[in-house]
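Topology and contacts: notes
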Amino acid sequence: MKEVSVIDIQKPSMDQLFSAATEDASKAMCRWTNGKITLSLEEVVEVTLEEVSQEMEIGEELLTMVVHCLEGELGGQLILTFDEQNGRQLAASLLGREVGTDSEWSALEQSALCETGNILSGAYMKVLTEAIDAKLVPSAPYFMQDYGASILHQAVAAQAMFSDRVLICRTNFQREGESLKWNVFFVPTEDLLEKIEHTVNASE
Amino acid sequence: MTATLLADRKTIPSAGMSEIIFTTKLDQACCIVGSCIALTLYHSRLGKGALAHIVLPRSVDRTGPPGKFADTAIPYMVDMLAAEGANQAGLVAKICGGASMFGTGGPIKIGVQNAEAVKRLLGELGIPIVGEDLAGPKGRRVVFDSQTGEMAVEIVGQPATTL
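Residues numbered from 1 in each chain as written. Chains lettered and ligands numbered in written order. Predicted model: local features only at pLDDT ≥ 70, side-chain atom pairs only at ≥ 80, totals over all residues.

Next up on the list: the interface of chain B and chain A. Between chain B and chain A, the contact holds 30 residues from the first and 25 residues from the second. Classifying every residue of the side of chain B that touches chain A by side-chain character gives 15 nonpolar, 10 polar and 5 charged. (Contact = placed C-beta atoms within 7 Å. Nonpolar A, V, L, I, M, F, W, Y, C, P; charged D, E, K, R; others polar.)

This is the structure we're talking about:
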């Protein structure tokens, strides 16, 4: 992925803006996981509601997720999703333990994943805050497990209330060069999306 | 954590967002909903039915497939079933979903609005709701069986139920 710093962006496009946010989130994740996990933005696309599941290749599988609601003047949600196996491996690696075998996640494992969400969302929001000159503060994270499609649909429903198309940032996670089936869903409210679009349009 | 599998998922057609599946007597259909609503209309004597994956409460002046909005999905389903001989007077409804998965669901509370819209519209048409599983913080997987009219509901970490 090309290196992009928000400070260097004179005329940020939507891609550049989210690339910068993802790049900083990747650096933070890399530090947090001792260099094992990185992420990069593949593309920012607008799709119709009907295309979302297919576009994101998310269906009936169970996903583990860490959810942050955005607090402050503009709202939204940032959701980090993990597949079961690799989520467990990350938690075990962070805790210096063997991979858990209980069907239920322990409080410690949940905490490790929540902290991962904190680190990623903090870095992501810091870049966006600087770019759009608005305060975006992620809430304390909470841990959930649910069907992938239900998570995705709930996430885009807020955008669907006011638009027939939804903004999707397709993000690629890698662990030591191997792709992981993880995702970041950043779902701005209408006001926040307008602010982001205004920033991008004003600079073009 | 695992969910109970009610049927072989590979063989069941799934209704994506805004889709409506009309079933024949031997068919099953499924969908996964969060804040959306899974609505089934069923004519028990004829064994004809349909499953809709409704995303939003009102169409207003917006475009989209009929299954996207409650106020377009329900009349469309009623008309299509009537065309198959399943008249409105013989239909019953089951509804499921309308969750608020991320905390409070935000100021818009889409799940609540969806559930209210579907219930109101069915009431206006005089279609009885004979089963419902609404609200809460979790997504649901729904399997509709048009042989029986049953709606099986799976929630992660909970025993499956049948409406």
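Okay, the environment of B:Val112 next. Examined against the element boundaries, B:Val112 turns out to sit in helix H2 (residues 110–125). The exposure class of B:Val112 is partly exposed, given the 17 C-beta atoms found within 10 Å. (Helix = DSSP H or I, 4+ residues; strand = E, 2+ residues; numbered from the N terminus. Buried ≥ 20, exposed ≤ 12 C-beta atoms within 10 Å, placed from the backbone.)

A word on helix H3 (residues 84–95) of chain A. Residues and elements named next belong to chain A. Its 12 residues place the ends of H3 16 Å apart at the C-alpha level, agreeing with the 16 Å of an ideal helix rising 1.5 Å per residue. Listed as buried for H3 are Gly87, Leu90 and Ala91. The buried side chains of H3 occupy one side of the element, clustering within an arc of 95° when seen end-on. Contacts from the buried residues of H3 go to strand S2 (62–71), strand S3 (76–83) and helix H4 (107–132). (Expected span 1.5 Å × (residues − 1). Arc of directions from axis to C-beta.)

A separate point is the confidence of the model for chain B. Interpretation of the predicted coordinates at a detailed level should be avoided for regions scoring low in pLDDT. Residues and elements named next belong to chain B. Looking at chain B as a whole, its pLDDT mean stands at 87, while 88% of the residues score no less than 70. Note on residues 1–9: pLDDT is under 50 here. Beyond four places in sequence and across chains, it has 22 contacts. For this predicted complex, the interface score ipTM comes out at 0.80, alongside a pTM of 0.82. (pLDDT = per-residue confidence, 0-100.)

Let's shift gears to the packing of H3(A) against H4(A). Residue and element names in this part refer to chain A. Interaxial distance between H3 and H4 falls to 9 Å at its minimum, and their mutual angle equals 95°. By the angle between their directions, the pair H3 and H4 is classed as roughly perpendicular. Counted together, Gly87, Leu90, Ala91, Leu94 and Leu95 of H3 and Leu108, Glu109, Ala112, Leu113 and Thr116 of H4 form the full contact between these two elements. Considered class by class, the residues forming the contact of H3 with H4 number 7 nonpolar, 2 polar and 1 charged. (Axes fitted to C-alpha atoms, helices over the stretch in contact; angles between N-to-C directions. Parallel < 35°, antiparallel > 145°, perpendicular 65-115°, else oblique.)

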